[in-house]
2 protein chains.
Amino acid sequence: MSTVVALGGNALMRPGERGTAAEQLANLRRAVAALQPLLGESALVITHGNGPQVGNELLRQERAADEAPALPLWLAVAQTQAEIGALIVAELHPALGDRPTACVLTHVRVAAEDPAFDRPSKPIGPFYSAEQGEQLGRERGWAMVSDANRGHRRVVPSPEPLEILELEVIRTLARDKTVVVACGGGGIPVVRRGNRLAGIDAVIDKDRASALLARGLDADRLLILTEVPAVYRRFGEPDQEEIRELSGTEAKELLPTLAEGSMRPKIESALSFGRETLITSIDALERALAGDAGTRIHL
Amino acid sequence: MSTVVALGGNALMRPGERGTAAEQLANLRRAVAALQPLLGESALVITHGNGPQVGNELLRQERAADEAPALPLWLAVAQTQAEIGALIVAELHPALGDRPTACVLTHVRVAAEDPAFDRPSKPIGPFYSAEQGEQLGRERGWAMVSDANRGHRRVVPSPEPLEILELEVIRTLARDKTVVVACGGGGIPVVRRGNRLAGIDAVIDKDRASALLARGLDADRLLILTEVPAVYRRFGEPDQEEIRELSGTEAKELLPTLAEGSMRPKIESALSFGRETLITSIDALERALAGDAGTRIHL
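Residues numbered from 1 in each chain as written. Chains lettered and ligands numbered in written order. Predicted model: local features only at pLDDT ≥ 70, side-chain atom pairs only at ≥ 80, totals over all residues. Heavy atoms only, no water.

Things to note about the sheet that holds strand β11 (residues 196–199) of chain A
Residues and elements named next belong to chain A.
Argument step 1. Ordered by their spatial adjacency, four strands build an open sheet running β8-β4-β10-β11, and the pairing between neighbours is mixed. Looking at strand neighbours, the two that pair on one side only are β8 (163–164) and β11, the edges of this open sheet.
Argument step 2. As judged from the three bridges shared by strand β4 (residues 107–109) and strand β10 (residues 188–193), these two strands associate in the parallel manner. Bridge assignment links Arg 109 to a residue of β10, and that residue is Val 190. (Pairing = 2+ DSSP bridges. Helix = DSSP H or I, 4+ residues; strand = E, 2+ residues; numbered from the N terminus.)

Brief notes about the relation of the copies chain B and chain A
Argument step 1. Relative to chain A, chain B is turned by 180 degrees and slid 0.0 Å along the rotation axis, the superposed coordinates differing by an RMSD of 0.0 Å. Within this description, the copies of the chain are treated as partners about a two-fold rotation axis.
Argument step 2. An overlap of 98% is found between the interface residues of chain B and their copies at the interface of chain A, pointing to a shared contact surface. (Least-squares fit on C-alpha atoms with pLDDT ≥ 70 in both. Contact = heavy atoms within 4.5 Å.)

Some remarks on the side chain of Gln 79 of chain B
Argument step 1. As for its placement among the helices and strands, Gln 79 of chain B is situated in helix α3 (residues 73–96).
Argument step 2. Leaving out residues up to four positions away in the same chain, Gln 79 of chain B has contacts with Glu 57, Arg 60, Gln 79, Ala 82 and Glu 83 of chain A together with Glu 57, Gln 61 and Leu 71 of chain B.

Here we look at the packing of aromatic side chains
All names here are of chain B.
Argument step 1. Enumeration over the complete set of coordinates arrives at two aromatic pairs over all chains.
Argument step 2. The interplanar angle of 40 degrees and the centroid separation of 5.4 Å between the aromatic rings of Tyr 232 and Phe 235 together place this pair among those described as tilted.
Argument step 3. On the accessibility criterion, Phe 235 (54% relative accessible area) is exposed. (Phe/Tyr/Trp six-rings, centres within 6.5 Å; stacked < 30°, edge-to-face > 60°. Buried < 20%, exposed > 50% of the residue type's maximum accessible area, 1.4 Å probe, protein only.)

Notes on the packing of helix α1 (residues 21–35) of chain B against α3 of chain B
Helix-helix packing is characterised by the crossing angle of the two axes and by the distance between the axes.
Residue and element names in this part refer to chain B.
Argument step 1. Contact pair α1 / α3: the axes reach a minimum separation of 9 Å and the direction vectors enclose 45 degrees. For the element pair α1 / α3, the angle class is oblique. When the axes of α1 and α3 are compared, the crossing they make is right-handed. Together, Ala 21, Gln 24, Leu 25, Leu 28, Arg 29 and Val 32 of α1 and Glu 83, Ile 84, Leu 87, Ile 88, Glu 91, Leu 92 and Ala 95 of α3 make up the contact between the two elements. (Axes fitted to C-alpha atoms, helices over the stretch in contact; angles between N-to-C directions. Parallel < 35°, antiparallel > 145°, perpendicular 65-115°, else oblique. Left-handed = near helix turned anticlockwise from the far one by under 90°.)

Let's talk about unusual backbone geometry
Residue and element names in this part refer to chain A.
Argument step 1. Here the phi dihedral of Lys 177 falls at roughly 80 degrees; this positive angle occurs in a residue that is not glycine.
Argument step 2. By secondary structure assignment, the location of Lys 177 is in the loop between α5 (167–175) and β9 (179–181).
Argument step 3. In this structure, Arg 234 takes a positive phi of about 55 degrees despite not being glycine.
Argument step 4. Following the sequence through the fold, Arg 234 ends up in the loop between β13 (231–233) and β14 (241–243).

Right, dumping it as structure tokens:
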């Protein structure tokens, strides 16, 4: 069986944490322990988010800008692929025995004319108070949104991933039994300009990029690990109901009821992948693999 | 023919530059044009330095430390592999046509008991005045050195590279005709602790790591691109003399006359590789490949 596993933000950083290397390593140790049943897959590719990390990196770029040039967002995304990739590889290493593992820096092509560039929607970085948020929007030209009771946050364009440039490389390594870490943070966004590649400032949704990767690799299964153990009907309401199974038709019907930027892109990613997708949390993964937890989308 | 090319700092950043993405891309365009004659090699792996970039990244970590946790040096090295790797891949892409290229995040094992940890020697980051240098050494516990008329600079341990953890992955891809970018900045330094890998704060000399990689890959040739077109006898003196060819014995005799941290590790790397090594500059590369410039060490 070949599986693409998409690690959500909380595999790396938990509520109240700042994202130190020690915190991320401790969280990854827990994530890798949960992934143990999958480490024998015939092909295994691990992707991951980078929301808090890219936010931290942008803060660093900004604060030091008078002494060290601020790199563009697309390079900050690249930097988080290495930060997180190095941590994942270090934690996977002892769990894999002789099986090799490597992180492949991954560029993902988007369209320069993607409407997302006119409508920034992907929250990154720290939460601010309403006043701070308003000030930052005014002073730095950032697009800001208010995010689920936690405050105000910068949003950046999140264009649709069209092509994973390192797909063949990832496929070659995965076939050769290497556990590949790829597509971190949704990939480094690039556009084609003639025969050249140019980085572009955006953050691609990591679940959409993971689905594109899983489809490209002809994987049997996409496993999306997130903060909640399953998809819910009427999430957050008193009568919320955990969903165990969804057909493609049911998944499409459910879509409009789901939160944009949260569960909706995960279900859309499952639909675009077109094969079995399992959505669950790290804590519920063992039971989900046994069919006793999580949401399985059959396609 | 299979070649490992080690790009020196000035392939990415030239005197007076700060290291913006645009500057690095422009310099890489020039470097990639010079590498054109090598792009058809049966196997081609490109390594690179990261001195100014890791210095910039450490400044960023430090300046934002009250808002975003400062990552350790070994993760800053990882970040520079991605920053520079993403830029190299973007510039190589149009030059390679259908030939794939990818950057593999590379961990390099060193010994925790390497004496280098007691004797920091690798300069990183910006140059400071004598007074600033003294203050930084005192306040932050940095080891500082005075570097060739340009001022004072932080030095960090530079342990000997012992094992390239992603060697098999790089070999698989290089055999499969992928132009691999690897071992950036000398690799992410790690030590073994039992069966685990732990990052350790150091910067490995990129030429030594490149030699280890070239040996591991059984490459035919190591090509070290640096600021000067060749190795010199009596470098910097009025009667300096460019060296065109060196045998192993001659190279060993020359070693004590060469600058530590500059030409000496390049010749030591050539000797540890044990096959043909060509040392030259980007500008002289075309003539050097034709045998009319550069220093060729025959082993």
